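Listed below, chain by chain, are the residues.
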Amino acid sequence: MARWCYRHRLVVLLLWVGALFGLGVTAGGAGTNYAEVFSLPNTDSKQAYDLMRKAFPERAGDTDTVVWKVDEGTVRDEAVRSRMEAALAEFGRMEGVGAVAGPYGEQGAAQISEDGRIAYAQVTFAEQADAVPKALVQDVVDTAQEAAGDGLQVELGGQAITRVQEPPTGTAELVGILAAAVVLFVAFGSLFAMLLPLVVAVFGVGTGMFGTQLISHVTDVPELASLLATLIGLGVGIDYALFIVTRHRRGILRGMDPEEAAVTALNTSGRAVLFAGGTVCIALAGMLVTNLRFLDGVVIGTSLTVVLSVLAAVTLLPALLGLLGHRVLSRRQRRRLEAAGPHGEGVGGLAARWSATVQRRPRAVAALAVVLMAALAVPLLSLRLGTVDQGNDDASTTTRQAYDLLAEGFGPGFNGPLQVVVDGEAPAGLVRAVEDTEGVAQVAAAPPAGGVTVIQVVPDTSPQDVETDRLIDTLREDVIPAAGVEAHVGGVTAVSKDFAAVTGDRLPLFVGTIIGLGFLLLLLAFRSLVVPLTAAVMNLLAAAASFGVLVVVFQWGVGLDVLGLGKEGPIAAFLPIIMLSLLFGLSMDYQVFLVSRMHEEWVHTRDNARAVRVGLAETSRVINSAALIMVCVFLAFVLSGDYGAAMAGVGLAAAVALDAFVLRTALVPAVMHLLGRANWWLPAGLEKRLPHLAVEPKEDEGAPAVAPVEGTPEGAASVVHGFVRTAEGEPVRGAAVTLLTPGGRQLDRVVSLADGAYIVAVPAPGTYLLAVTASRYGSRAAHVTVADGPYVHDVELTPDGVDAVN
């Protein structure tokens with residue numbers, strides 16, 4: 001497939017451009033039909049809502065608030081009253097508005113603050129907030145704000161109003177892409193190479209977004225799916241292309257033809273991308289086990305975007321590589337390749353030195369990493385799930401200003417009133433009991449209608465306050481049962497509390513599902529029990545530490561001013577499920593790319609120490625670059641202006657940074673060094689029964705086999721490996737290491753890595769000649785006798801030294 005895409009690059013490019021623009025035009029013509037299907041069956045708040053809908057169908061929808069404040073005088077002044085009564089009358093004539101309750105009627109005295117400067121009216125729509133047409137909500141906003149001016153401030157708050165106060169879209173995505181471009185340019189040093197991952201990500205995310213819009217017409221897809229699809233699509237699209245382009249450039253520098261380099265890159269890193277994309281989709285599909293139906297559309301939208309991003313990486317990318325040819329390298333690299341010939345793009349000095357450090361001191365590295373992760377995870381013990389409200393909105397929005405005005409005029413609990421819904425007429429004893437309950441500021445019982453009575457309860461504390469949660473529990477568990485009536489506590493605050501409880505109850509099943517699926521996939525890929533077990537533990541560590549960071553920032557309020565966000569509050573109840581899905585999928589990507597290189601080396605040498613050292617040295621740079629890009633993309637969503645998106649962005653950025661820079665770069669390799677050969681243990685019975693799944697074949701898979709040496713007994717192939725160093729112990733990079741027969745016939749030739757490591761293949765047990773040559777150093781040769789296993793032979797080179805062997 002890679003070869004076909006490379007050779008038919010114009011056809012592939014035109015197909016992708018046609019798909020992007022075709023889907024874009026179709027989606028633009030069809031529009032969006034996002035549906036917020038939010039239901040919490042078998043909860044007290046849902047039963048309250050059902051009773052309200054039965055008795056007051058015109059009032060069962062979302063209730064939003066119009067609040068106004070005067071600079072001088074009172075809201076009862078004729079000039080203010082006439083303007084606001086005209087606006088409220090206009091609301092009542094709008095189709096889709098069920099009821100309007102203003103402060104100027106006989107029963108509206110309580111809707112004016114004690115000082116007379118603040119008043120509010122309640123506009124009840126016929127539908128829930130997410131089902132109210134945006135055009136209707138915008139008409140309400142425009143009509144209300146037209147009444148403002150001349151010392152009169154008019155603001156609006158509520159769930160429906162929030163939908164039309166969304167900040168401009170595209171800023172966060174653009175900043176994330178620009179930051180990713182900077183990282184890619186530093187990593188590649190080439191403008192064209194930098195553009196490749198960005199183009200692939202744009203095509204993947206673009207087709208995914210338009211496809212999700214079209215799917216919203218045939219199934220329920222929430223608007224949240226669009227945000228999350230963009231978030232995850234940009235990250236994985238850029239990362240997957242980065243892995244493949246890195247392998248492709250390495251092949252060209254080693255002297256391969258660009259077409260063969262592209263085919264090899266897709267047949268190695270491309271396979272790992274396919275596997276990694278599959279793990280992300282499986283982690284996302286784990287959300288289905290929670291049985292929270294509004295997440296079904298999220299799974300559809302995000303999974304579609306990931307699939308299309310992977311498809312772009314394995315089809316569009318080789319076509320683009322064919323268009324660029326050698327220009328995928330920087331000018332300096334092309335000049336060097338032309339002047340000096342092929343050479344390996346050696347592992348960076350820092351990566352090699354760090355890999356060697358981890359090998360020398362695995363216990364110290366592991367201990368430091370565990371202490372750091374544990375310290376960050378400690379705040380998780382005070383995690384409190386809830387729902388962010390308009391008090392967390394940007395201070396410039398009308399929803400935040402309305403929230404603050406209501407709290408100023410009527411107390412903090414006014415922004416989250418509770419509704420005690422009674423099936424029948426509410427006894428006077430229940431109303432008195434609710435009034436006498438600690439934490440209740442105000443109670444108002446409406447006359448019965450349709451066999452249902454609604455008691456409006458205003459708490460003393462804000463909707464996000466833990467005391468408000470305790471008040472709900474008190475009403476449900478003590479006050480209502482003592483009255484001996486059937487009643488339920490509803491309202492937005494009660495719904496938020498029930499959603500947090502349901503999410504917390506189903507979280508263990510969800511985590512167990514995605515951990516189990518990830519374990520099985522890694523078991524098949526690496527033929528080991530220890531590697532997937534280690535990955536599972538690391539994933540849990542990353543999740544705990546990242547949620548600890550979230551608690552510190554958003555629940556404790558540390559750094560919120562720097563981020564330009566609102567006040568602290570509980571962690572959004574939906575975030576653990578969304579974030580854990582993305583985190584487990586992305587961390588599995590890094591685990592696959594890291595361990596697949598280690599596994600390849602292990603299969604070749606059966607030397608665990610070398611496998612871990614080489615795997616870390618060769619992959620840590622690209623993994624860290626990929627993680628840095630992810631962090632930039634996620635952090636950019638702080639600029640979206642949406643508090644929930646900012647929370648998800650900070651949480652995911654922290655999770656990816658900790659996973660890549662601490663776990664995969666330090667703790668995983670340190671633990672694998674400590675475990676030794678046990679890393680690759682798999683019971684023989686299980687080995688026979690498991691299907692084989694090759695994540696990444698050897699890069700030299702198609703190379704011809706080396707003929708056995710004459711006169712030596714037949715046996716399993718082996719290797720000679722070790723380090724090339726100076727007399728001072730410094731590694732020698734780029735030394736030519738050649739293995740020859742005693743008669744002088746060359747069997748294998750390699751170039752030492754940045755840490756001086758080399759490995760040459762031995763066709764069979766016997767005695768061979770190993771010659772090592774490096775510029776600025778002399779040559780050295782020695783006989784090596786290889787038995788059935790790998791043979792370790794370190795070489796020391798000195799300037800102008802010659803060691804001849806006859």
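Residues numbered from 1 in each chain as written. Predicted model: local features only at pLDDT ≥ 70, side-chain atom pairs only at ≥ 80, totals over all residues. Heavy atoms only, no water.

1. Re the overall build of the protein
Here's step 1: Check the secondary structure of the protein and you find 24 helices and 19 strands.
Here's step 2: Each principal axis of the C-alpha atoms in the protein carries an extent, and together these give about 115 × 55 × 45 Å.
Here's step 3: Split into buried and exposed, the 806 residues of the protein put 55% on the buried side.
Here's step 4: When the accessible area of the protein is evaluated, it comes to approximately 33,300 Å², of which 57% is carbon and sulfur surface.
Here's step 5: Of note, the protein has its 56 positive side-chain charges centred 14 Å away from the centre of its 79 negative side-chain charges. (Helix = DSSP H or I, 4+ residues; strand = E, 2+ residues; numbered from the N terminus. Buried < 20%, exposed > 50% of the residue type's maximum accessible area, 1.4 Å probe, protein only. Areas by Shrake-Rupley, 256 points an atom, 1.4 Å probe, with all protein chains shown as cover. Lys, Arg positive; Asp, Glu negative; His and termini not counted. Charge placed at Lys NZ, Arg CZ, Asp CG, Glu CD.)

2. Description of the packing of helix H4 (residues 78-92) against helix H5 (residues 134-146)
Here's step 1: Viewed as axis vectors pointing N to C, H4 and H5 meet at an angle of 165 degrees, and their least axial separation amounts to 9 Å. The orientation of H4 with respect to H5, classified from their angle, is roughly antiparallel. Considering how the two elements wind past one another, H4 and H5 form a crossing that is right-handed. Judged by residue contacts, Ala87, Glu90 and Phe91 of H4 engage Val140, Thr143 and Ala144 from H5.
Here's step 2: Within the contact of H4 with H5, the residues separate by chemical class into 4 nonpolar, 1 polar and 1 charged. (Axes fitted to C-alpha atoms, helices over the stretch in contact; angles between N-to-C directions. Parallel < 35°, antiparallel > 145°, perpendicular 65-115°, else oblique. Left-handed = near helix turned anticlockwise from the far one by under 90°. Contact = heavy atoms within 4.5 Å. Nonpolar A, V, L, I, M, F, W, Y, C, P; charged D, E, K, R; others polar.)

3. What about helix H22 (residues 608-636)?
Here's step 1: Over its 29 residues, H22 extends 40 Å from the first C-alpha to the last, a length consistent with the 42 Å expected when each residue adds 1.5 Å.
Here's step 2: At threonine 619, H22 shows its strongest bend, of approximately 45 degrees.
Here's step 3: Taking burial as the measure, the 29 residues of H22 include 23 buried ones, the bulk of the element. (Expected span 1.5 Å × (residues − 1). Bend = angle between axes of the 7 residues up to and from the residue.)

4. Focus: the confidence of the model for the protein
The predicted coordinates ought not to be read in detail in places where the model reports low pLDDT.
Here's step 1: A residue-level look at the protein finds 90% of positions with pLDDT of 70 or above and a mean pLDDT of 81.
Here's step 2: The lowest-confidence element of the protein is strand S19 (residues 802-803), averaging 46 in pLDDT; the highest-confidence one is helix H14 (residues 362-377), averaging 93.
Here's step 3: The model gives residues 801-806 a pLDDT under 50, and that stretch makes 11 contacts with residues more than four places away or in other chains. (pLDDT = per-residue confidence, 0-100.)

5. Some details on a nonpolar patch on the surface
Here's step 1: A surface patch of nonpolar side chains, amounting to about 410 Å² of accessible area, comprises Phe185, Leu191, Phe192, Leu195 and Val199.
Here's step 2: Here the element with the most residues in the nonpolar patch is helix H8 (residues 191-215); it accounts for 4 residues.
Here's step 3: The residue phenylalanine 192 is located in helix H8 in this model. (Patch = residues over 30% accessible without salt bridge, like charges linked within 9 Å, V, L, I, M, F, W, Y side chains within 5 Å. Salt bridge = Lys/Arg side-chain N within 4 Å of Asp/Glu carboxyl O.)

6. Topic: the packing of H22 against helix H23 (residues 643-675)
Here's step 1: The N-to-C vectors of H22 and H23 enclose an angle of 175 degrees; their axes lie 9 Å apart at closest approach. Judged by the inter-axis angle, H22 sits roughly antiparallel to H23.
Here's step 2: Partitioning the contact of H22 with H23 into residue classes produces 19 nonpolar, 5 polar and 2 charged.

7. Re the pairing of strand S3 (residues 118-125)
Here's step 1: Most of S3 is tucked away: 7 of the 8 residues are buried.
Here's step 2: Of the strand pairs in this sheet, strand S1 (residues 63-70) and S3 are connected by 7 bridges, and their pairing is antiparallel. What sits directly across from tryptophan 68, in S3, is alanine 119.
Here's step 3: The sheet contact formed by strand S2 (residues 97-101) and S3 spans 4 bridges and is antiparallel. Looking at the pairing, valine 100 lines up with valine 123 of S3. (Pairing = 2+ DSSP bridges.)

8. Here's the deal with the nonpolar core
Here's step 1: With 154 residues, the main nonpolar core has Met287, Phe554, Tyr590 and Phe634 as its most contacted residues.
Here's step 2: Ranked by residues supplied to this core, first place goes to H23 with 19 residues.
Here's step 3: In this structure tyrosine 590 touches Asp239, Phe243, Ile623, Ala626, Ala627, Met630, Val656, Asp659, Ala660 and Arg664, once residues within four positions along its chain are discounted.
Here's step 4: By size, the runner-up hydrophobic cluster in this structure holds 29 residues, among which are Val80, Phe91, Val123 and Val132. (Core = buried A, V, L, I, M, F, W, Y, C linked by side-chain atoms within 4.5 Å.)

9. Comments concerning the sheet that holds strand S9 (residues 487-490)
Strand pairing in a sheet takes place through backbone hydrogen bonds and is either antiparallel or parallel in direction.
Here's step 1: Taken in spatial order, the 4 strands make up an open sheet running S7-S8-S6-S9, and their pairing is antiparallel. Each of the sheet's edge strands pairs with one partner strand only, and the pair in question is strand S7 (440-445) and S9. Within this sheet the neighbouring strands show an average axis-to-axis angle of 20 degrees, counted without direction.
Here's step 2: Sheet topology note: the strand S6 (residues 418-423)/strand S8 (residues 452-459) ladder contains 6 bridges and is antiparallel. Within S8, the residue paired with aspartate 423 across the bridge is valine 452.

10. Remarks on the side chain of serine 330
Here's step 1: One can find serine 330 in the loop between helix H11 (294-324) and helix H12 (331-340).
Here's step 2: For serine 330, a relative accessible area of 8% gives the class buried.
Here's step 3: Sequence-distant contacts of serine 330, that is, excluding residues within four places in its chain, are made with Phe188, Gly189, Ser190 and Arg249.

11. Overview of the environment of leucine 324
Here's step 1: Structurally, leucine 324 can be placed in helix H11.
Here's step 2: In this structure, the C-alpha to C-alpha distance between leucine 324 and proline 258, residues 66 residues apart in sequence, is 9.2 Å.
Here's step 3: Look past the residues within four positions of leucine 324 in its chain and what remains in contact with it is Phe192 and Leu196.

12. Concerning the pairing of strand S11 (residues 718-726)
Here's step 1: Burial analysis of S11 places 8 of its 9 residues in the buried class, which makes it a mostly covered element.
Here's step 2: When S11 meets strand S14 (residues 757-762), the two strands line up antiparallel, connected through 6 bridges. Looking at the pairing, valine 720 lines up with valine 760 of S14.
Here's step 3: Bridge count between S11 and strand S17 (residues 791-792): 2 bridges; the pairing is parallel. Bridge pairing links histidine 721 to valine 792 in S17.
Here's step 4: Both S11 and strand S18 (residues 795-797) contribute to a ladder of 3 bridges, which runs parallel. Looking across to S18, one finds that threonine 726 is bridged to leucine 797.

13. A few points about the environment of glycine 278
Here's step 1: Assignment of secondary structure puts glycine 278 in helix H10 (residues 258-285).
Here's step 2: Judged by its relative accessible area of 30%, glycine 278 is partly exposed.
Here's step 3: For glycine 278 and threonine 461, which are 183 residues apart along the polypeptide, the C-alpha to C-alpha distance reads 46 Å.

14. With respect to the packing of aromatic side chains
Here's step 1: Under the counting rule described, the total for this entry stands at 5 aromatic pairs.
Here's step 2: Judged by centre distance (5.1 Å) and plane angle (90 degrees), the ring pair of tyrosine 120 and phenylalanine 410 falls under edge-to-face. With tyrosine 120 in strand S3 and phenylalanine 410 in helix H15 (residues 398-410), this pair connects stretches of sequence that are 290 residues apart. No difference in accessibility class separates tyrosine 120 from phenylalanine 410, as the two residues are buried.
Here's step 3: Taken together, a centroid distance of 4.7 Å and an interplanar angle of 65 degrees make the contact between tyrosine 120 and phenylalanine 414 edge-to-face. Note that tyrosine 120 is positioned in strand S3 and phenylalanine 414 in the loop between H15 and S6, a separation of 294 residues in sequence. Here tyrosine 120 matches phenylalanine 414 in class, with each residue buried.
Here's step 4: Its guanidinium or amino end placed over the ring of phenylalanine 723, arginine 725 lies 4.2 Å from that ring's centre, counting from NZ or CZ. (Phe/Tyr/Trp six-rings, centres within 6.5 Å; stacked < 30°, edge-to-face > 60°. Lys NZ or Arg CZ within 6 Å of the ring centre and 35° of its normal.)

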